[in-house]
Amino acid sequence: MDERQATILLIEDDHANRELLVELLAESTDYRVLQAADARTGFALFAEEKVDLVLLDVMLPDESGFNLCRRMKSVSRIFVPIILVTALHELSDKVKGLEAGADDFLTKPILREELLARSQSHLRTKRMMDRIDRYRSELSLFNQRLQEQVEIRTRQLQTALAELRTAKEEVERTRVEIVERLGIAAEYRDEWTGQHIRRMALYVWEISVACGLPPEQAELFRLVAPLHDIGKMGVRDHVLLKPEQLEEGEVDLIREHTRIGAQILADPRTELIEVAGEMARHHHERWDGQGYPDGLKGEEIPLSARICSVADVFDALTSSRVYRADAYQVLEARSEIMAGAGTRFDPRVTEAFARAFDKIQEIWEQSR
Ligand SMILES: [Fe+2]
């Protein structure tokens, strides 16, 4: 609503009354007055113009003022005050007017002061209501924009997260693959298929889980298992690939692969390489202290190496290698592992091996 000039719609069939009201209102320069002599014209003006206040005669030739009031209230989306102008004094008419949605009444004969005071009062209310409406629509627009921004940002964040997840998975896959291929490289001369490496890693996983280790630790052991014999890279071919029985000095050269492996993996910068290093160095230690290279005993031997040891020996007993052409049958291999409990192997690990045996056997069968 214009702060300086309000528009008043005057609907009154009586010409003299209309003239009077226009005259009274004209004394105030604030108002623009639209006139209608019947309900039809009045309603049309109400619908077309931006009306701020309606002065509505109750007795109109084509429709009752009450009904017109109701119609105007029902089509208007914003607040427009309606003052019923009536010659009636009956209480029932006021009730009818209120029911029709009228905001006030003026009783004929109309007094100038009353007309102006009431008009001004309702126009003030109208101004406030308009302001509230404006704030409300601005707020709703603001909320809508905010919502759109939130949706855009959420989508961007989701995309970024998905990309990050993909990148993380890629890094993880690369890490696993590099470790595995490095292990294959180490075994390449005597185990060209890389099957030993893959089986070993799966055995280590199953035994670790059966030992009751948390999945993250079992996963770490599985990841580094392919590197346990990486030190073989440093063992000469004529010793490593010798099909005949090794002589004493040659056995020592083979055993050196544990120290060489530990050297390759020395000064680790990650937990992965640290565990790989201890597994590489100690996977030929024995529970009774008769192993190599350090002769560690019992729990002095890192758990990763104790688990690796069982998996490694079991795989050696059940696969064909240059120095062991005839593979043991898997059940015989199992008995041999169990027979080593407490001497060669940690009894807790052999028990876990026995518990995981069905799954281990499955892995063995699938890799044949
Ligand atoms: Fe080894």
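Residues numbered from 1 in each chain as written. Predicted model: local features only at pLDDT ≥ 70, side-chain atom pairs only at ≥ 80, totals over all residues. Heavy atoms only, no water.

1. Here we look at the coordination of the iron ion
The protein atoms that coordinate the iron ion are Asp 229 (OD), His 257 (NE2), His 283 (NE2) and His 284 (NE2), at distances spanning 2.1 to 2.3 Å. Note that the iron ion binds four donor atoms; their angles at the metal cover 79 to 166 degrees, and the shape is irregular. Mapping the donors of the iron ion onto the primary sequence yields the spacing D-x27-H-x25-H-H. With Asp 229 in the loop between α7 (215–224) and α8 (237–240) and His 283 in the loop between α10 (271–282) and α11 (303–318), this pair connects stretches of sequence that are 54 residues apart. Accessibility classification places Asp 229 together with His 283 in one group, the buried group. (Donors = N, O, S within 2.8 Å, 3.2 Å for Na, K, Ca; no water. Tetrahedral: all angles 85-135°; square planar, octahedral: opposite > 155°, others 65-115°. Helix = DSSP H or I, 4+ residues; strand = E, 2+ residues; numbered from the N terminus. Buried < 20%, exposed > 50% of the residue type's maximum accessible area, 1.4 Å probe, protein only.)

2. Some points on the domain arrangement of the protein chain
Each assigned domain of the protein chain is listed with its residue range as follows: domain 1 (6–138) and domain 2 (188–366). Distance from the C-alpha centre of domain 1 to the C-alpha centre of domain 2: 98 Å. (Domains from an automatic or database assignment.)

3. Notes on a nonpolar patch on the surface
A cluster of nonpolar side chains, namely Leu 139, Phe 142, Leu 146 and Val 150, defines an oily patch on the protein surface of about 390 Å² accessible area. Residue placement: Val 150 occurs in helix α5 (residues 112–187). (Patch = residues over 30% accessible without salt bridge, like charges linked within 9 Å, V, L, I, M, F, W, Y side chains within 5 Å. Areas by Shrake-Rupley, 256 points an atom, 1.4 Å probe, with all protein chains shown as cover. Salt bridge = Lys/Arg side-chain N within 4 Å of Asp/Glu carboxyl O.)

4. Some details on the sheet that holds strand β5 (residues 104–107)
One open sheet accounts for five strands, arranged β2-β1-β3-β4-β5; its pairing is parallel. Looking at which strands have only one partner, the edges of the open sheet turn out to be β2 (31–36) and β5. This sheet shows a mean twist of 20 degrees between the axes of neighbouring strands, independent of strand direction. As judged from the six bridges shared by strand β1 (residues 6–11) and β2, these two strands associate in the parallel manner. Its bridge partner being in β2, Ile 11 is matched across the sheet by Ala 36. With respect to the sheet, helix α1 (residues 15–26) is in contact with β1, β2 and β3 (53–57), its orientation differing from that of β2 by roughly 170 degrees. (Pairing = 2+ DSSP bridges. Axes fitted to C-alpha atoms, helices over the stretch in contact; angles between N-to-C directions. Contact = heavy atoms within 4.5 Å.)

5. Regarding the packing of aromatic side chains
Going through the model one piece at a time under the given rule, you end up with four aromatic pairs. Considering the side-chain rings of Phe 314 and Phe 357, the 6.2 Å spacing of their centres and the 85 degrees angle between planes classify their relative orientation as edge-to-face. Residue Phe 314 is located in helix α11, and its partner Phe 357 is located in helix α14 (residues 357–366); the two are separated by 43 residues in the primary sequence. With respect to burial, Phe 314 and Phe 357 carry one shared label: buried. Three or more aromatic residues joined by ring pairs form one cluster here, namely Tyr 203, Phe 314, Phe 353 and Phe 357. Sitting over the ring of Phe 43, Arg 71 keeps its end group 4.2 Å from the ring centre. In this arrangement the basic side chain of Arg 334 is found over the ring face of Phe 357, its NZ or CZ atom lying 4.9 Å from the centre. (Phe/Tyr/Trp six-rings, centres within 6.5 Å; stacked < 30°, edge-to-face > 60°. Lys NZ or Arg CZ within 6 Å of the ring centre and 35° of its normal.)

6. A short note on the layout of surface pockets
Roughly 270 Å³ of volume is contained in the second largest pocket. Those elements that place two or more of their residues in the lining of the second largest pocket are α2 (39–48) and α5. The class makeup of the residues in the lining of the second largest pocket is seven nonpolar, one polar and six charged. (1 Å grid on protein atoms, 1.4 Å probe; cavity = no way out; pocket = protein on both sides within 12 Å on 5 of 7 lines; lining within 4 Å. Points joined across faces, edges and corners; volume = space filled by probe spheres on them. Nonpolar A, V, L, I, M, F, W, Y, C, P; charged D, E, K, R; others polar.)

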